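# Structure at a glance
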Amino acid sequence: MLLERLRKQSGLTTAQIEMYAATASKRYKIYTIKKKNGGDRTIEHPSRALKSLQRWVNKSIISKLPTHVSATAYAKGCSIRKNAQHHLGSIFTLHVDFKSFFPSFKSDGISDFFRIKSKELGIELSEEDVNFITRIVCRNNCLTIGAPTSPSITNAIMFEFDDVVNEWCNQRRLVYTRYADDLYISAFEPGMLSDVIPFLISALDKQRFVRLKINHDKTAFLSKKYRRAITGIIITTEGKLSIGLKRKKLIKSMVLDFKYGRLPMEDKSRLHGLISFALDIEPAFHETLIRKYGENTIKSIST
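Residues numbered from 1 in each chain as written. Predicted model: local features only at pLDDT ≥ 70, side-chain atom pairs only at ≥ 80, totals over all residues. Heavy atoms only, no water.

## With respect to the side chain of Asp182
Along the chain, Asp182 turns up in strand β5 (residues 182-187). There is a polar contact of 2.8 Å between the side chain of Asp182 and the side chain of His95. Ignoring sequence-local partners within four residues, the contact set of Asp182 consists of His95, Val96, Asp97 and Thr177. (Helix = DSSP H or I, 4+ residues; strand = E, 2+ residues; numbered from the N terminus. Polar contact = N/O pair within 3.5 Å; in protein donor to acceptor, adjacent residues only side chain to side chain. Contact = heavy atoms within 4.5 Å.)

## Description of helix α5 (residues 107-121)
In this model, α5 (15 residues) spans 21 Å end to end at C-alpha, consistent with the 21 Å of a helix rising 1.5 Å per residue. Where α5 is buried, its residues contact α6 (127-137), α7 (149-157) and α8 (159-171). (Expected span 1.5 Å × (residues − 1).)

## Focus: the nonpolar core
It is characteristic of soluble globular proteins that their nonpolar side chains tend to be buried jointly. Judged by nonpolar contacts, the single largest core of 58 residues is most densely connected at Phe114, Phe132, Phe161 and Leu200. Take this core: its biggest share by element is 6 residues, from helix α9 (residues 196-205). Counting 22 residues, the second-largest nonpolar core is a separate cluster that includes Leu263, Leu271, Ile281 and Ile298. (Core = buried A, V, L, I, M, F, W, Y, C linked by side-chain atoms within 4.5 Å. Buried < 20%, exposed > 50% of the residue type's maximum accessible area, 1.4 Å probe, protein only.)

## Some thoughts on the layout of surface pockets
Of the voids in this model, the second largest pocket is the one considered here, and its volume is about 180 Å³. Taken together, Asn58, Ile62, Ser63, Leu65, Thr67, Tyr74, Ala75, Pro148, Pro151, Ser152, Asn155 and Ala156 make up the lining of the second largest pocket. Counting residues per element, the lining of the second largest pocket draws most heavily on α7, which supplies 4 residues. (1 Å grid on protein atoms, 1.4 Å probe; cavity = no way out; pocket = protein on both sides within 12 Å on 5 of 7 lines; lining within 4 Å. Points joined across faces, edges and corners; volume = space filled by probe spheres on them.)

## Examining the sheet that holds strand β8 (residues 233-235)
The antiparallel open sheet is built from 3 strands, whose spatial order is β7-β8-β9. Bordering the open sheet on either side are β7 (228-230) and β9 (241-242), each of which pairs with just one other strand. (Pairing = 2+ DSSP bridges.)

## Brief notes about the packing of helix α3 (residues 48-60) against α6
Helix packing for two helices is described by the angle between their axes and how far apart those axes are. α6 packs onto α3 with a crossing angle of 130° between their chain directions and a minimal axis gap of 10 Å. In terms of orientation, α3 lies oblique with respect to α6. Considering only the axes of α3 and α6, their crossing is left-handed. From α3, Leu50, Leu53, Gln54 and Val57 reach across to α6, where they touch Phe132, Ile133, Ile136 and Val137. Looking at the contact of α3 with α6, its residues break down into 7 nonpolar, 1 polar and no charged. (Axes fitted to C-alpha atoms, helices over the stretch in contact; angles between N-to-C directions. Parallel < 35°, antiparallel > 145°, perpendicular 65-115°, else oblique. Left-handed = near helix turned anticlockwise from the far one by under 90°. Nonpolar A, V, L, I, M, F, W, Y, C, P; charged D, E, K, R; others polar.)

## A short note on the confidence of the model for the protein chain
With 99% of its residues at a pLDDT of 70 or more, the protein chain shows a mean pLDDT of 93. Per-element confidence in the protein chain is highest for α8, whose mean pLDDT is 98, and lowest for strand β2 (residues 40-46), whose mean pLDDT is 88. (pLDDT = per-residue confidence, 0-100.)

## Remarks on helix α12 (residues 283-293)
Buried residues of α12: Phe285, His286, Leu289 and Tyr293, and no others. Seen along its axis, α12 keeps its buried residues to an arc of 105°; they face one direction. Within α12, the exposed residues directed more than 90 degrees away from the buried face are Ala284 and Arg291. Buried residues belonging to α12 abut α10 (245-259), α11 (268-281) and α13 (295-301). Count one or two residues on from α12 and you reach Gly294, which has phi positive near 95°. (Arc of directions from axis to C-beta.)

## Here we look at the packing of aromatic side chains
Any aromatic ring pair is given by two values, namely how distant the centres are and how the planes are angled relative to each other. Summed over all chains, the structure comprises 8 aromatic pairs. An angle of 10° between the planes, with centres 5.9 Å apart, marks the rings of Phe98 and Phe101 as stacked. On the numbers, 6.2 Å between centres and 65° between planes, the contact of Phe98 with Phe161 is edge-to-face. You can see Phe98 sitting in the loop between β3 (92-97) and α5 and its partner Phe161 sitting in helix α8, a full 63 residues away along the chain. Assigned by exposure class, Phe98 and Phe161 land together as buried. Through pairs of rings, three or more aromatic residues link up here, namely Phe98, Phe101, Phe102, Phe105 and Phe161. Between the NZ or CZ atom of Arg173 and the centre of the ring of Phe188, over which it lies, the distance is 4.6 Å. (Phe/Tyr/Trp six-rings, centres within 6.5 Å; stacked < 30°, edge-to-face > 60°. Lys NZ or Arg CZ within 6 Å of the ring centre and 35° of its normal.)

Here you go:
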């Protein structure tokens, strides 16, 4: 049983484990960060002890659950670059977003999921184990942005939905990927995306374990004729991946400030991350930086 393994591996007593599960919702630091659109995103970050238990649950149970190949976030070997690459060669893309993605996964549905899936997959979980998992991964009876278990649980629960949508798309020669709450469906000829939204609504209504709604305000039809952004990566009109003009201008400005000693030290790690991102997505731009600012300058940013 899961809790027996946890007691043996952690050295925690039954009373201590129950205490952590019973008080899990109180063991979070709550803060907000700014969204790109100017709004606020609430982050609920678990305490060190709670996070350790969540990571143990991830490794012991959740990692054994299947994730669909169309799910390109939080899975091993996946990245936003690989997500965008799936859509290269297409000429139209539909972007669909879910409302309140993580909080839509409620404790009742999560309990039912682990109870049913453990039997289907031959994973031995008692009712006590299921109850413990649910309490340790939820805050106030739902998943949170910030807990290490949230992404992998959503991928596992969304497997059936991803499979249904992917099969429907394959039959119509469409490309489907899901990056967390961002769905991208691309077509290689006009007129192929008109039925997608009604189909997605129908598929969501039939989904087990979670009730998700489409955020129609964020639904967007993108065309090859114009700038297509997929998980923050631009697919150019020539069908190549790009970090975009705005990021390029920012990187150049920051590199110039660094070269002449004007860049605040706290921004150096951010610049290093941006340059690494550029190297991964658009190596030609990275070469441009080296030619313009010098190889030593670019290297010194990462040291």
